[in-house]
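Secondary and tertiary structure notes
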Amino acid sequence: MLFILVLLVSLGVLIKGADVFITGAVATARHFRVSPLLVGMVIVGFGTSAPEMLVSTMSAVEGASGIALGNAWGSNIANIALILGVTALIRPVTVQSRVLRTELPILLGVTVLAGVQVIDGSLGRWDAVLLLVLFAGFLFWSIRFQRAEPTDPLADQVVREVMSDGGEDGGEDPGGRVLGGPRVQPVGRSVVILVIGLVLLIGGSRGVVWGAVGLARAAGISDLIIGLTIVAIGTSLPELASSIAAIRKGEDEIAFGNVVGSNMFNTLIVVGLAGVIRPFPVERMSLVRDVPVMVGLTVLMLLFGIGRRGRAGRINRVEAAVLCLVYAGYLAWLQKHTAAAAGAD
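What this report covers is the structure whose coordinates are included nearby. What you see is a predicted model; the values in this text were computed from it and never measured. (Residues numbered from 1 in each chain as written. Predicted model: local features only at pLDDT ≥ 70, side-chain atom pairs only at ≥ 80, totals over all residues. Heavy atoms only, no water.)

**Description of the nonpolar core**
What counts here: Grouping buried Ala, Val, Leu, Ile, Met, Phe, Trp, Tyr and Cys residues that are joined through side-chain atoms within 4.5 Å yields what is termed a nonpolar core. Partly exposed residues are those whose accessible area sits between 20% and 50% of the maximum for their type, while under 20% is buried and over 50% is exposed, using a 1.4 Å probe and protein chains only. Secondary structure counts use DSSP, requiring at least four H or I residues in a row for a helix and at least two E residues in a row for a strand, with both numbered from the N terminus.
W73, L104, F256 and M301 are the most contacted members of the largest nonpolar core, which totals 74 residues. Sorting elements by how many residues they give to this core places helix α3 (residues 65-90) first, with 12 residues.

**Section: the packing of helix α5 (residues 103-117) against helix α13 (residues 290-306)**
Which entries qualify depends on this criterion: Note on geometry: axes are C-alpha line fits, over the in-contact stretch for helices, and angles between N-to-C directions span 0 to 180 degrees. Put simply, angles under 35 degrees are roughly parallel, angles over 145 are roughly antiparallel, angles from 65 to 115 are roughly perpendicular, and the rest are oblique. Contact definition: two residues touch when any of their heavy atoms are within 4.5 Å. Amino acids are sorted into nonpolar (Ala, Val, Leu, Ile, Met, Phe, Trp, Tyr, Cys and Pro), charged (Asp, Glu, Lys and Arg) and polar (every other residue, Gly among them).
Two elements in contact, α5 and α13, have axes separated by 10 Å at closest approach and are oriented at 170 degrees. Comparing the axis directions of α5 and α13 gives the class roughly antiparallel. Side by side, α5 and α13 meet where L104, L107, L108, T111, V112 and G115 of the first sit next to V291, M294, V295, T298, V299, M301 and L302 of the second. The class makeup of the residues in the contact of α5 with α13 is 10 nonpolar, 3 polar and no charged.

**Overview of the packing of aromatic side chains**
Worth spelling out the cut-off: Pairing of aromatic rings covers Phe, Tyr and Trp, the last counted by its six-membered ring, and requires centre-to-centre distances within 6.5 Å; plane angles under 30 degrees mean stacked, over 60 mean edge-to-face, and any other angle means tilted.
Tallied over the full model, the rule gives 4 aromatic pairs. Measuring from centroid to centroid gives 6.3 Å for Y327 and Y330, while their planes differ by 35 degrees, and the two rings are tilted. You can see Y327 and its partner Y330 sitting in helix α14 (residues 317-344), 3 residues apart, about one turn around the helix. With respect to burial, Y327 and Y330 carry one shared label: buried.

**Here's the deal with a nonpolar patch on the surface**
In plain terms, the rule: Like charges are joined within 9 Å and nonpolar side chains (Val, Leu, Ile, Met, Phe, Trp, Tyr) within 5 Å, but only among residues with over 30% relative accessible area and no salt bridge; these make up the patches. Surface accessibility follows the Shrake-Rupley procedure with a 1.4 Å probe radius. Residue values consider only the protein chains on display as shielding. When a carboxyl oxygen of Asp or Glu is within 4 Å of a side-chain nitrogen of Lys or Arg, the pair counts as a salt bridge.
A cluster of nonpolar residues, F32, V187, V191, V195 and V199, forms a patch on the protein surface that exposes about 450 Å² of accessible area. Within the secondary structure, V187 is located in helix α8 (residues 187-219).

**Here's the deal with the packing of α3 against α13**
Worth spelling out the cut-off: Less than a right angle of anticlockwise turn of the near helix away from the far helix marks a crossing as left-handed, whereas a clockwise turn marks it as right-handed.
One way to put it is that α3 packs onto α13 with a least axis distance of 10 Å and a crossing angle of 40 degrees. In this structure, the crossing between α3 and α13 has a hand that is left-handed. Counting all contacts with α3, which are made through W73, N76, I77, I80, A81 and L84, the residues of α13 involved are D290, V291, V293, M294, L297, T298 and M301.

**Overview of the environment of I67**
Tracing the backbone through its elements, the reader meets I67 in helix α3. With 11 residues separating them along the chain, I67 and S56 place their C-alpha atoms 6.8 Å apart.

Next up, the structure:
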């Protein structure tokens, strides 16, 4: 019961820490005139994946490699099947053709690469370095590609909603556009919020790892299974909250891009950082179960997005229900494997 209590409380602290960190990071970036593009792509993308990043890093440091890998891959599966599925059930999600031509094929490619890297049963340090290098290249390419875009809806939304203290004065954003309404927070307050968010992230992540490892060992359950389920779902809650908020405001591109971007971060940065800190073995069952599910869901998301006649379409409620059913089946598969392993012991 102690492990469960610590795990639940730490997940709450972790999720709140991610929200506070985004608030402080975006507000601080505003004062240093960082462009809205970089705010939207880097800070918000990092913030929503910060729980996965911190948990996997702490897990690698403490030698719990199963939680590190299970957290990243389990979050990818949950992001597509659960988060995108629930979001599209609330309201069908329109998929932009540009995402189908660029980001989604790249995500599919790095997901397949992640599976190929662990065919030998381990993730080596050079494998992890390659993932980090690929992320740096993807980030550089994205920044150059996105500069041609006239607007950045994600950054505009963040600038308006996050960087205010309730005043009435307008101002200019880092790109020089005038923002009516609330004025920005003082720089000192922004930095304090940033530090508080970072402390909450670190403390929450350590609590999650301690509770998850203790729960796994006490119940005789593989730490990989704990990482794929409880930890993965818990650290994916920021993506769920932001996707639902975006879809309710009609920002389909933000909701869909949140899932794609988060999975890119998880596959390249989260696994890469954990592997650089400490190379780790990969269970054979993960190769025959988790990798095919992760790749298959990415392909399914691409096919749903293409729509009819090869054009960009919508992920409708029927397709959303299919995604949710796939996730339910995946959890049932995990439960069956856990029961079989317990019986063998």
